[in-house]
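# Structural overview
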Amino acid sequence: MKVSNLYKAEKGLIRIHADVEDGRIRDIRITGDFFMTPEEAIASLEEMLKGRRFEAEDVGEAIEKFYATGAITPMISKEDFAKAVMGAKDEGPIA
Amino acid sequence: MKGRLLNLEYPDNPYLSLATEEAIFMEVMRKRSFPTLRFYTHRNAVVLGCFQVASEEVDMDYAEEKEIAIVKRFTGGGAVYHDSGNLNFSIIANDSYGIGINVAKLYSMAMDAPMNAFRSLGMNPEKGRLNDISINGKKILGSAATIRQNAFLFHAAVLVDTNLMTLASVLKVPGVKLKDKGISTVLERVTNIRIVSGKGMEEVKAALISSCSNLLGMEFEAGELTSGEESLATKLYEDKYTKREWNLERSIINVHY
């Protein structure tokens with residue numbers, strides 16, 4: 001099931017495109033006009049989310065783990081990424 | 001401290017222009033190049049932030065019709081439209097300003113350069129929350145920055161005399177379904193320095209050189225690209241900046257240098 005979300009943080013926009021199978025995130029791509037250093041870290045954020053259950057708790061845990069690697073996202077919080085990802089659930093499958 | 005002033009542009013090759021930008025950053029980081037203030041323009045290009053996907057930000061049909069190049073930069077942030085009326089400048093230096101890895105601190109320091117420059121030209125700039133500047137509530141500058149090891153790069157696009165109609169037509173406004181609505185929304189939000197102050201390219205550039213010099217405590221001397229930067233730029237151009245997956249998709253391409 002393909003899902004997507006467009007999330008507006010206080011400053012910046014996060015777009016989520018995910019493929020969810022049996023309640024787990026099979027694939028996910030995060031795009032948008034936010035900042036993240038180091039930039040390459042976006043790939044590890046996606047990797048950490050893959051295979052997780054598509055539930056707030058699991059997603060939050062993966063994001064927590066991601067920030068522990070030292071990545072910095074000015075004006076965008078952990079919660080923003082968590083809300084962006086989980087928001088895709090409320091948006092429902094793409095027709 | 002001695003700095004290099006680099007008037008280096010490839011107006012019709014924004015891919016090489018941005019490959020060169022990354023090459024300079026890498027060489028400054030490795031302390032092989034002087035801290036640099038670079039000025040450049042592009043004739044007709046959309047420059048995307050590195051986490052963006054072209055089709056989500058750009059009216060692709062319009063871009064094709066108007067032969068607007070679509071090129072990715074290696075920093076984050078939003079899409080901008082560059083024509084000859086848009087002045088780009090970059091500050092690339094090693095950190096002796098106590099920034100560390102604090103990107104927010106880098107913005108707050110570096111944004112003073114254009115803020116002071118615009119004030120010195122008699123304008124009344126308003127700083128946004130992180131990386132943009134407006135005048136009378138309309139945006140005239142957007143910037144992006146990054147930090148790697150002990151070096152930083154801050155680059156900004158200044159709307160001096162850009163074709164705002166083209167800008168508004170080629171950039172999509174997220175969540176806005178109607179094209180006309182999108183164009184009017186953008187036109188309400190941006191303006192040109194030429195419109196608000198009558199100042200032009202050369203005046204803005206001179207003011208920026210002086211404000212950067214004061215802010216960074218640097219004497220700028222006109223210089224050229226080093227041979228190391230040149231060969232690295234060529235490699236980045238070939239292996240990354242001319243690749244479709246880099247420019248249009250959201251791929252990470254690691255070039256080994």
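Preceding this section is the structure that the text describes.
Before going into details, it helps to say that this report is about the structure given with it. From a predicted model like this one, the values you see are computed outputs, not experimental measurements. (Residues numbered from 1 in each chain as written. Chains lettered and ligands numbered in written order. Predicted model: local features only at pLDDT ≥ 70, side-chain atom pairs only at ≥ 80, totals over all residues. Heavy atoms only, no water.)

Let us now look at the nonpolar core. Core analysis: the biggest nonpolar cluster contains 59 residues, and I30 and F81 of chain A have the highest contact counts within it. Here this core gets eight residues from one element, more than from any other, and that element is helix α1 (residues 14-29) of chain B. When residues no more than four places from it in sequence are discounted, the contact partners of F81 of chain A are I14, I30, F34, M36, L45, I63, Y67, T73 and I76 of chain A. One finds L37, L130, A145 and A207 of chain B within the second-largest nonpolar core, a separate group that totals 42 residues. (Core = buried A, V, L, I, M, F, W, Y, C linked by side-chain atoms within 4.5 Å. Buried < 20%, exposed > 50% of the residue type's maximum accessible area, 1.4 Å probe, protein only. Helix = DSSP H or I, 4+ residues; strand = E, 2+ residues; numbered from the N terminus. Contact = heavy atoms within 4.5 Å.)

Here we take up the packing of α1 of chain B against helix α10 (residues 227-241) of chain B. Residues and elements named next belong to chain B. It is at 8 Å that the axes of α1 and α10 come closest, and there the two elements cross at 130°. In terms of orientation, α1 lies oblique with respect to α10. The handedness of the crossing between α1 and α10 comes out as right-handed. Mapping the contact onto sequence places Y15, L16, L18, A19, T20, E22, A23, I24, M26 and E27 in α1 and G228, E229, L232, A233, L236, Y237, K240 and Y241 in α10. Looking at the contact of α1 with α10 residue by residue, the classes come out as 12 nonpolar, two polar and four charged. (Axes fitted to C-alpha atoms, helices over the stretch in contact; angles between N-to-C directions. Parallel < 35°, antiparallel > 145°, perpendicular 65-115°, else oblique. Left-handed = near helix turned anticlockwise from the far one by under 90°. Nonpolar A, V, L, I, M, F, W, Y, C, P; charged D, E, K, R; others polar.)

Bringing the sheet that holds strand β3 (residues 24-32) of chain A into the picture now. Residue and element names in this part refer to chain A. Strand order in the open sheet formed by three strands is β1-β2-β3, and the pairing between neighbours is antiparallel. Both outer strands of the open sheet, β1 (2-8) and β3, are each paired with one neighbouring strand and no more. Ignoring strand direction, the axes of neighbouring strands in this sheet form an average angle of 20°. Pairing of strand β2 (residues 13-21) with β3, which is carried by eight bridges, proceeds in the antiparallel orientation. Directly across from R15, in β3, lies its bridge partner T31. The strands touched by helix α3 (residues 78-91) within the sheet are β1, β2 and β3, with β1 carrying the most contacts at an inclination of about 135°. (Pairing = 2+ DSSP bridges.)

What follows covers the interface of chain B and chain A. Between chain B and chain A, the residue contacts involve 29 residues of the former and 23 residues of the latter. Summed over both sides, the interface of chain B with chain A buries roughly 2,100 Å², with 59% coming from carbon and sulfur. Of all residues in chain B, the largest losses of buried area upon contact with chain A belong to F51, R129 and R250 of chain B, amounting jointly to 32% of the total for that side. If you look at where chain B meets chain A, you find seven salt bridges. With its nearest N and O atoms 2.3 Å apart, the salt bridge here joins R250 of chain B to E46 of chain A. Our count for the chain B to chain A interface comes out at 11 residue pairs in polar contact (both at pLDDT 80 or more). Of all the secondary structure elements, the ones that give two or more residues to the side of chain B that touches chain A are α2 (54-57), α4 (103-110) and β9 (138-148) of chain B. Here the side of chain B that touches chain A takes six residues from β9 of chain B, the largest share from any one element. In terms of residue class, the side of chain B that touches chain A is made up of 13 nonpolar, 10 polar and six charged. (Buried area = accessible area lost by both parts, 1.4 Å probe. Salt bridge = Lys/Arg side-chain N within 4 Å of Asp/Glu carboxyl O. Polar contact = N/O pair within 3.5 Å; in protein donor to acceptor, adjacent residues only side chain to side chain.)

With that out of the way, let us pick up the environment of V20 of chain A. All names here are of chain A. Relative to the elements of secondary structure, V20 occurs in strand β2. On the basis of relative accessibility, which here comes to 6%, the residue V20 falls in the buried class. C-alpha separation for the pair V20 and S77, spaced 57 residues apart in sequence, amounts to 24 Å. Residue contacts for V20: discarding those within four places in its chain leaves M1, V3, R26 and F54.

Our next topic: the packing of helix α2 (residues 56-67) of chain A against α3 of chain A. All names here are of chain A. For the pair α2 and α3, interaxial distance at closest approach is 9 Å and the crossing angle is 140°. Between α2 and α3, the angle falls in the class oblique. Here α2 and α3 pass one another in a crossing that is right-handed. Contacts between α2 and α3 involve A56, V59, I63, E64 and Y67 from the first element and K78, F81, A82, V85 and M86 from the second. Its residues assigned to classes, the contact of α2 with α3 comprises eight nonpolar, no polar and two charged.

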